[in-house]
Amino acid sequence: SVSLSQVKLPLQQGKKCVLKFMQEKAQFDTEVEMRQLDGADDEQGQERQQLSTACVVQILGSCVLTRTELEARADDCSRRTPNANAIRFYGLNIIVMERGERDLADIIALDLIAGVELADVQRIGRSMAECLWELERAKRSHGDTKPRNAMEFRLDMDASMSMIDLDASAKHGQLAGLK
């Protein structure tokens with residue numbers, strides 16, 4: 001187990017990230033493993049290459065806290081803001097990932113693009129198809145494909161979609177998990 005303070009993040013200045021706290025260790029392991037091209041770490045303990053950023057949101061770091069570490073972090077945070085006390089009820093398994101702009105459900109609801117802007121609908125559809133095709137080539141099934149699990153990322157004026165929430169995914173031939 002690695003403590004949160006030991007996680008080294010290769011963050012570029014100004015890069016946004018998000019923490020995902022997970023209760024279930026099995027789902028945490030699946031979330032990490034399914035992003036790897038050939039499973040988690042190789043035999044020498046070296047981290048394997050992740051699936052393309054064009055396909056899935058990248059993991060920048062991860063750790064499993066002890067209950068004592070989580071309580072200590074909650075105490076530290078609660079001194080700064082009372083709302084941080086909620087961290088005590090989060091999972092001990094933590095993943096640090098890139099943060100997207102917004103998910104597809106928000107784009108559909110707020111931009112009112114469904115049936116209106118053909119070019120936007122085609123761009124999003126093409127981007128989602130590329131994501132799912134890359135998962136297919138890596139012999140993975142997402143297991144929970146829906147608008148909330150498609151995240152928009154912007155680079156300058158270009159936008160693309162990437163899949164998130166791979167903890168219900170599975171390798172081909174295995175059953176996808178339930179959430």
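Just above, that's the structure.
Residues numbered from 1 in each chain as written. Predicted model: local features only at pLDDT ≥ 70, side-chain atom pairs only at ≥ 80, totals over all residues. Heavy atoms only, no water.

Engineer: Outline the environment of Met161, listing residues and values.
Structural biologist: You can see Met161 is positioned in strand S7 (residues 158-163). With 105 residues separating them along the chain, Met161 and Val56 place their C-alpha atoms 8.5 Å apart. Setting aside chain neighbours within four positions, we find Met161 in contact with Ala54, Leu104, Ile107, Ile124, Ser127, Met128, Cys131, Ala150, Met151 and Glu152. (Helix = DSSP H or I, 4+ residues; strand = E, 2+ residues; numbered from the N terminus. Contact = heavy atoms within 4.5 Å.)

Engineer: Explain the pairing of strand S6 (residues 150-155) to me, and be specific about the residues and the numbers.
Structural biologist: Sheet analysis places strand S4 (residues 102-103) next to S6, joined by two bridges and oriented antiparallel. Along S6, the bridge assignment pairs Asp103 with Met151. Pairing geometry for S6 and S7, over six bridges, is antiparallel. Bridge pairing in S7 links Arg154 to Ala159. (Pairing = 2+ DSSP bridges.)

Engineer: Residue-level account of the sheet that holds strand S3 (residues 93-98), with values.
Structural biologist: Taken in spatial order, the three strands make up an open sheet running S1-S3-S2, and their pairing is antiparallel. The open sheet has two free edges, formed respectively by strand S1 (17-22) and strand S2 (59-64), since each of these has just one partner strand. Mean inter-strand twist for the sheet, computed between neighbouring axes without regard to direction, equals 15°. Along the sheet, helix H1 (residues 25-33) contacts S1, S2 and S3; its crossing angle with S3, the most-contacted strand, is approximately 30°. (Axes fitted to C-alpha atoms, helices over the stretch in contact; angles between N-to-C directions.)

Engineer: Lay out the side chain of Arg88 in plain terms, naming residues and giving numbers.
Structural biologist: Along the polypeptide, Arg88 turns up in the loop between helix H2 (67-80) and S3. Taking the relative accessible area as the measure of exposure, Arg88 reaches 19% and is therefore buried. Looking at Arg88, its side chain comes within polar contact range of the side chain of Glu71, at 2.6 Å. Among all residues touching Arg88, those that are not within four sequence positions of it are Arg67, Leu70, Glu71, Ala74, Asp75 and Ser78. (Buried < 20%, exposed > 50% of the residue type's maximum accessible area, 1.4 Å probe, protein only. Polar contact = N/O pair within 3.5 Å; in protein donor to acceptor, adjacent residues only side chain to side chain.)

Engineer: How would you summarise the pattern of salt bridges if you had to cite specific residues and measurements?
Structural biologist: Oppositely charged side chains can form a pair if their charged atoms are brought close together. Counted according to the given criterion, the structure contains 14 salt bridges. Note that Lys20 and Asp165 form a salt bridge whose closest N and O atoms lie 2.6 Å from each other. One end of the pair, Lys20, is in strand S1; the other, Asp165, is in the loop between S7 and strand S8 (170-171), with 145 residues separating them in the sequence. The class of Lys20 is buried, set by a relative accessible area of 18%. Taking relative accessible area as the criterion, Asp165 reaches 13% and is therefore assigned buried. (Salt bridge = Lys/Arg side-chain N within 4 Å of Asp/Glu carboxyl O.)

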